[in-house]
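Here's the letter readout for the chains.
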Amino acid sequence: PSGKLKYKYAIIYLIILDIISLLISYNLGSYYFNLNLLEIIIGILYTPFFKYFHFTTKNISIGFTAILYFLSGLYKCQNIPYYIIIWLFLDCSNYEFYKDIRDIEADNKFKCFTFPVKYGIKNTILLIWFNYLLSSIIILFLNFKIGFLFIFTRFFMNILLDIIRDRKST
């Protein structure tokens with residue numbers, strides 16, 4: 001949106017990276033290839049469709065795509081607990097909310113109705129904290145040791161991110 005990279009070059013770069021990733025994933029097997037193809041399809045549909053529908057569609061599509069990347073890395077692990085997948089989804093969605101806060105001016109300019117554009121930065125931060133609290137509570141009840149570690153690192157990192165954001169805005 002900033003215009004620093006011309007649209008034509010961004011598309012060329014995207015096509016080259018997608019072809020390379022498809023070739024690599026094809027050599028790794030059908031599981032990786034199918035995940036990669038799904039990620040590419042969501043990515044292609046994201047710009048012309050998903051990011052303009054509603055902020056939830058945008059964040060869910062990005063969160064889902066990010067989960068696919070994690071799952072492709074975790075494929076060799078046996079018995080991935082579902083609460084880890086929920087945690088990853090909410091964390092990836094929260095990352096998108098943070099990114100939307102940083103991009104609020106460009107999103108306003110180009111009519112991308114993200115959560116911060118529609119409801120403001122303070123409400124976005126409240127939503128991020130709610131997501132973290134919800135997924136942390138789920139993990140805490142299902143696996144106390146992992147839950148405690150996730151809660152500690154999440155809150156510590158988010159307090160740090162909020163302090164950095166507040167200092168940059170002053």
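Treat the numbers as computed from the prediction; the structure is a model and nothing was measured.

**Examining the nonpolar core**
The biggest cluster of nonpolar side chains holds 7 residues, and these are Phe97, Tyr98, Ile101, Phe115, Ile125, Ile128 and Tyr132. Secondary-structure elements contributing two or more residues to this core are α4 (82-102) and α7 (121-142). Counting residues in each nonpolar core, the second largest holds 5 residues, with Tyr83, Trp87, Leu88 and Ile139 among its members.

**Side note on the side chain of asparagine 36**
Counting through the fold element by element, asparagine 36 comes out in helix α2 (residues 30-53). Residue class for asparagine 36 comes out buried when judged on its relative accessible area of 9%.

**Focus on the packing of aromatic side chains**
Counted by the stated rule, this structure contains 3 aromatic pairs. Centre to centre, the rings of phenylalanine 97 and phenylalanine 115 are 5.7 Å apart; their planes meet at 70°, and the pair counts as edge-to-face. A residue pair is termed long-range when its members are at least 10 positions apart, and phenylalanine 97 in helix α4 and phenylalanine 115 in helix α6 (residues 115-119) qualify at 18 residues. Phenylalanine 97 gets classed as buried once you look at its relative accessible area, which sits at 6%. Taking the relative accessible area as the measure of exposure, phenylalanine 115 reaches 11% and is therefore buried. Here the aromatic rings of phenylalanine 115 and tyrosine 119 are separated by 4.9 Å at their centres, their planes lie at 40°, and the arrangement is tilted. A residue pair is termed a helical-turn pair when its members lie 3 or 4 positions apart in one helix, as phenylalanine 115 and tyrosine 119 do in helix α6 at 4 residues. Overall, tyrosine 119 belongs to the partly exposed group, its relative accessible area being 38%. Within the aromatic cluster, the residues linked to one another by ring pairs are Phe97, Phe115 and Tyr119.

**Details of the packing of α4 against α7**
Two elements in contact, α4 and α7, have axes separated by 10 Å at closest approach and are oriented at 165°. One finds that α4 runs roughly antiparallel with respect to α7. Crossing of α4 over α7 shows left-handed handedness. Across from Tyr82, Tyr83, Ile86, Trp87, Leu90, Asp91, Asn94, Phe97, Tyr98 and Ile101 in α4, the residues of α7 making contact are Ile121, Thr124, Ile125, Leu127, Ile128, Asn131, Tyr132, Leu134, Ser135, Ile138, Ile139 and Leu142. Along the lines of polarity and charge, the residues of the contact of α4 with α7 split into 17 nonpolar, 4 polar and 1 charged.

**Some words on the pattern of salt bridges**
Taken as a whole and judged by the stated rule, the model has 2 salt bridges. Close ionic contact of glutamate 96 with lysine 99 constitutes a salt bridge, the shortest N to O distance being 3.7 Å. Taken together, the positions of glutamate 96 and lysine 99, both in helix α4 and 3 residues apart, correspond to about one turn of that helix. Look at lysine 99 and you get partly exposed, because its relative accessible area is 23%. Lysine 99 serves as the salt-bridge partner of aspartate 103, at 3.6 Å between the closest nitrogen and oxygen. Where salt bridges share partners, they join Glu96, Lys99 and Asp103 into one cluster.

Each value, and the rule that gives it
Residues numbered from 1 in each chain as written. Predicted model: local features only at pLDDT ≥ 70, side-chain atom pairs only at ≥ 80, totals over all residues. Heavy atoms only, no water. Core = buried A, V, L, I, M, F, W, Y, C linked by side-chain atoms within 4.5 Å. Buried < 20%, exposed > 50% of the residue type's maximum accessible area, 1.4 Å probe, protein only. Helix = DSSP H or I, 4+ residues; strand = E, 2+ residues; numbered from the N terminus. Phe/Tyr/Trp six-rings, centres within 6.5 Å; stacked < 30°, edge-to-face > 60°. Axes fitted to C-alpha atoms, helices over the stretch in contact; angles between N-to-C directions. Parallel < 35°, antiparallel > 145°, perpendicular 65-115°, else oblique. Left-handed = near helix turned anticlockwise from the far one by under 90°. Contact = heavy atoms within 4.5 Å. Nonpolar A, V, L, I, M, F, W, Y, C, P; charged D, E, K, R; others polar. Salt bridge = Lys/Arg side-chain N within 4 Å of Asp/Glu carboxyl O.

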